[in-house]
Amino acid sequence: MEVGNEHAPVLEAASTFAELGLDPKILSALEEMGYKTPTPIQKQAIPLVLSGRDLMAQAQTGTGKTAAFALPLLQKMLPHANTSASPARHPVRALALAPTRELAIQVYESVVTYSKNLPLRSSVVFGGVDMKPQEADLRAGVEILVATPGRLLDHCGSRPALLNQVQFLVLDEADRMLDMGFLPDLKRILNLLPANRQTLLFSATFDDSIVGLARSFLQNPLKVEVARRNTAAETVEQVVHKVKEDDKLDALVRVVRSRDIAQALVFTRTKISADKLGRRLQKRGIPSAVIHGDKAQLERLAALDGFKQGKMQLLVATDIAARGLDIVELPCVFNYELPYSPEDYVHRIGRTGRAGASGLAVSLVSHEEDRLLAGIERFIKRELKPAPLPEVAAPAPIRQAVEAAPAAENPAMPPPARIGRRRVEPVCALLMPPPPRPVEAQPGAE
Ligand code: AMP
């Protein structure tokens, strides 16, 4: 039988996390996060992961896929949870590989939150920052390790036994890892893992290369699938405004102010136009940051962190940089420039309206982009009728960015979580001073 051809039975019976058989300590963490019901991918994947099967899951960021693998893996690791100080009692048992540093950090932060009541340790390693603090964490022992492939291999060089007790492997955004040229690194990592393990592969697409990857790395996997790639989330209100290219900045500012948009992600097609737009927004007094592949690691993380803390009202991003970003409760996405590929449109607007919340996607479409709009309409099988721009409201004060107070005093900044004695800092605190050598080049970086 073709790999991954066996579809998992659709299990709709469980409508609560408790019914999925999760431990009360995990349930209470979920309750604190406000998770009331499992998302479709969670309903399907959690029982299968608990049963020990390998999985090929077609699910994008925004569907709740992180919890779909993290929760059952935490549950399965519970028998090993312990408070011993001995590193030997805390070998890496679950390894999650992610294509980008941003995604690795997001997965790590989710794992930390889900496991906050459990004596299980987690850590994240990614390139572009000093290795030493990461090494110290690994030396102390961690059960759950989230990593980008290149940096993980660097660590394995000095600690050959690092991965020899891994029981669970997660390949997150596997399609993107292949796009970025990580296949050789993945093969090297796989050679360091025990053959007897459970492997979970998550990917937005299932083309031949992913099936090939699954054939070599997975055993008799079940396939689960949610929210097809070309279905725009139904919870997202899609608005199109026709504007001249030169009037786009005015239109963007007008929509932000008249709709009183607290925060939005603004997409451009290119790095150059992202930079240009960022500068022009700053001149207009709108606190904004720019994120794209040419930005140094520290700049990218600082921009993301500033946005997450509410210091920035707008985050201008290119498609590649934005992929995998999980910004909770993002109310709005702007298409300042329509993407060339309709699939990217679906990806972009999927950044809002996440996990059932409602969202708004506003596209500013110039005459030159009419053909791109028509392509998108064909792809999502829906007409996007242009609406007039909102009336200019009486000059509203620009929403003030949250004062840049130190993390501990900043109400917008989550307090550090704790795992046992371990303090887990929010993303910005993961930033280390840049190493003296240049930032690690990632294969296929934008
Ligand atoms: P992910 O697809 O894993 O990136 O998750 C997307 C967002 O949905 C994250 O902000 C999660 O915290 C949130 N989320 C995941 N599962 C649930 C759930 N069952 N209920 C509410 N929010 C969720």
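So, how was this worked out
Residues numbered from 1 in each chain as written. Predicted model: local features only at pLDDT ≥ 70, side-chain atom pairs only at ≥ 80, totals over all residues. Heavy atoms only, no water. Helix = DSSP H or I, 4+ residues; strand = E, 2+ residues; numbered from the N terminus. Buried < 20%, exposed > 50% of the residue type's maximum accessible area, 1.4 Å probe, protein only. Areas by Shrake-Rupley, 256 points an atom, 1.4 Å probe, with all protein chains shown as cover. Arc of directions from axis to C-beta. Contact = heavy atoms within 4.5 Å. Salt bridge = Lys/Arg side-chain N within 4 Å of Asp/Glu carboxyl O. Phe/Tyr/Trp six-rings, centres within 6.5 Å; stacked < 30°, edge-to-face > 60°. Near = heavy atom within 4 Å. Polar contact = N/O pair within 3.5 Å; in protein donor to acceptor, adjacent residues only side chain to side chain. Nonpolar A, V, L, I, M, F, W, Y, C, P; charged D, E, K, R; others polar. Domains from an automatic or database assignment. Pairing = 2+ DSSP bridges. Axes fitted to C-alpha atoms, helices over the stretch in contact; angles between N-to-C directions. Core = buried A, V, L, I, M, F, W, Y, C linked by side-chain atoms within 4.5 Å. pLDDT = per-residue confidence, 0-100.

Asker: Residue-level account of the overall build of the chain, with values.
Answerer: When helices and strands are counted, the chain shows 15 helices and 15 strands. Buried residues in the chain amount to 53% of all 446 residues. Accessible area for the chain stands at about 19,400 Å²; split by element, carbon and sulfur atoms hold 53% of it.

Asker: Before we move on, could you go through helix α9 (residues 208-217) and cite the residues and values that matter?
Answerer: Of all the residues in α9, the buried ones are Ile210, Val211, Leu213, Ala214 and Phe217. Buried positions in α9, seen along its axis, are confined to an arc of 160 degrees and lie on one side of it. Residues of α9 that are exposed and point more than 90 degrees away from the buried face comprise Asp208 and Ser216.

Asker: Hey, could you go over helix α14 (residues 342-349) for me, with residue numbers and the actual values?
Answerer: Because an α-helix completes one turn every 3.6 residues, residues spaced three or four positions apart along the sequence face the same direction. All of the buried residues along α14 are Tyr345, Val346, His347, Arg348 and Ile349. In this fold, the buried residues of α14 make contact with β8 (236-242), β9 (264-267), α13 (319-322), β12 (332-335), β13 (359-365) and α15 (370-380).

Asker: If you had to explain the pattern of salt bridges to someone new, which residues and values would you point to?
Answerer: Under the definition given, this model contains 13 salt bridges. Taking the shortest distance from any N to any O, the salt bridge between Lys242 and Asp370 comes out at 2.9 Å. Here Lys242, found in strand β8, pairs with Asp370, found in helix α15; they are 128 residues apart in sequence, far enough to count as distant. Under the relative-accessibility criterion, Lys242 is labelled partly exposed at 40%. Residue Asp370 is classed as partly exposed on the basis of its relative accessible area of 27%. Lys248 is paired through a salt bridge with Glu369; the nearest N and O atoms lie 2.7 Å apart. Taken together, the residues span a long stretch of sequence, with Lys248 in helix α10 (residues 248-258) and Glu369 in the loop between β13 and α15 at a distance of 121 residues. On the accessibility criterion, Glu369 (3% relative accessible area) is buried. Three or more residues joined by partner-sharing salt bridges are found here, namely Glu245, Lys248, Arg269 and Glu369.

Asker: Summarise the packing of aromatic side chains; cite the residues concerned and give the values.
Answerer: Overall, the coordinates contain three aromatic pairs when judged by the stated rule. Arranged with centres 5.9 Å apart and planes meeting at 65 degrees, the rings of Tyr35 and Tyr114 form a pair that is edge-to-face. On the criterion of sequence distance, the pair formed by Tyr35 in the loop between α1 (24-33) and α2 (40-51) and Tyr114 in helix α4 (residues 101-114) is long-range, its members being 79 residues apart. Relative accessible area serves as the criterion here: at 27%, Tyr35 is assigned to the partly exposed category. A connected cluster of aromatic rings, assembled from ring pairs, spans Phe17, Tyr35 and Tyr114.

Asker: Give me the site of the ligand: which residues, what numbers.
Answerer: Around the ligand lies a shell of 15 residues, among which Tyr35, Gln42, Gly62, Gly64 and Thr66 are the nearest. Backbone polar atom of Thr63 to an oxygen atom of the ligand: 3.1 Å apart, as the coordinates give it. Burial of the ligand by the protein amounts to 87% of the accessible area it has alone, namely 500 Å². When its residues are assigned to classes, the shell around the ligand shows five nonpolar, eight polar and two charged. No fewer than three residues from each of domain 1 (18-225) and domain 2 (236-380) sit in the shell around the ligand.

Asker: Tell me about the side chain of Arg300, and name the residues and values.
Answerer: By the secondary structure assignment, Arg300 is in helix α12 (residues 297-308). For Arg300, the residues in contact, after removing those within four places along its chain, are Arg101, Glu102, Ile291, His292, Gly293 and Lys295.

Asker: Requested: an account of the sheet that holds strand β4 (residues 144-147), with residues and values cited.
Answerer: Strand order in this open sheet of seven strands is β3-β4-β2-β5-β6-β1-β7, and the pairing throughout is parallel. If you trace the sheet from one side to the other, it starts and ends with β3 (122-125) and β7 (222-225), each paired once. Averaged over all pairs of adjacent strands, the angle between strand axes in this sheet comes to 15 degrees, irrespective of strand direction. As judged from the four bridges shared by strand β1 (residues 55-58) and strand β6 (residues 198-203), these two strands associate in the parallel manner. Its bridge partner lying in β6, Gln58 is registered against Ser203. Together, β3 and β4 form the strand contacts of α4, whose direction differs from that of β3 by roughly 175 degrees. Relative to the sheet, α9 contacts β1, β5 (168-171) and β6, its axis offset from that of β6 by approximately 175 degrees.

Asker: Describe the nonpolar core, naming the residues involved and giving the relevant values.
Answerer: Ranked by size, the top nonpolar core spans 47 residues in total, and within it Leu55, Leu71 and Leu200 carry the most contacts. Apart from the residues lying within four places of it in its own chain, the contact partners of Leu55 are Ala45, Leu48, Val49, Thr199, Leu200, Leu201, Leu218, Pro221, Leu222 and Val224. In this structure, Leu95, Val166, Leu178 and Ala214 belong to the second largest nonpolar core, which totals 33 residues.

Asker: Lay out the confidence of the model for the chain with the relevant residues and their values.
Answerer: Within the chain, residue pLDDT values average 82, and 80% of them lie at 70 or more. This stretch, residues 396-446, has a pLDDT under 50; its non-local contacts, to residues over four places away or in other chains, come to 99 contacts.

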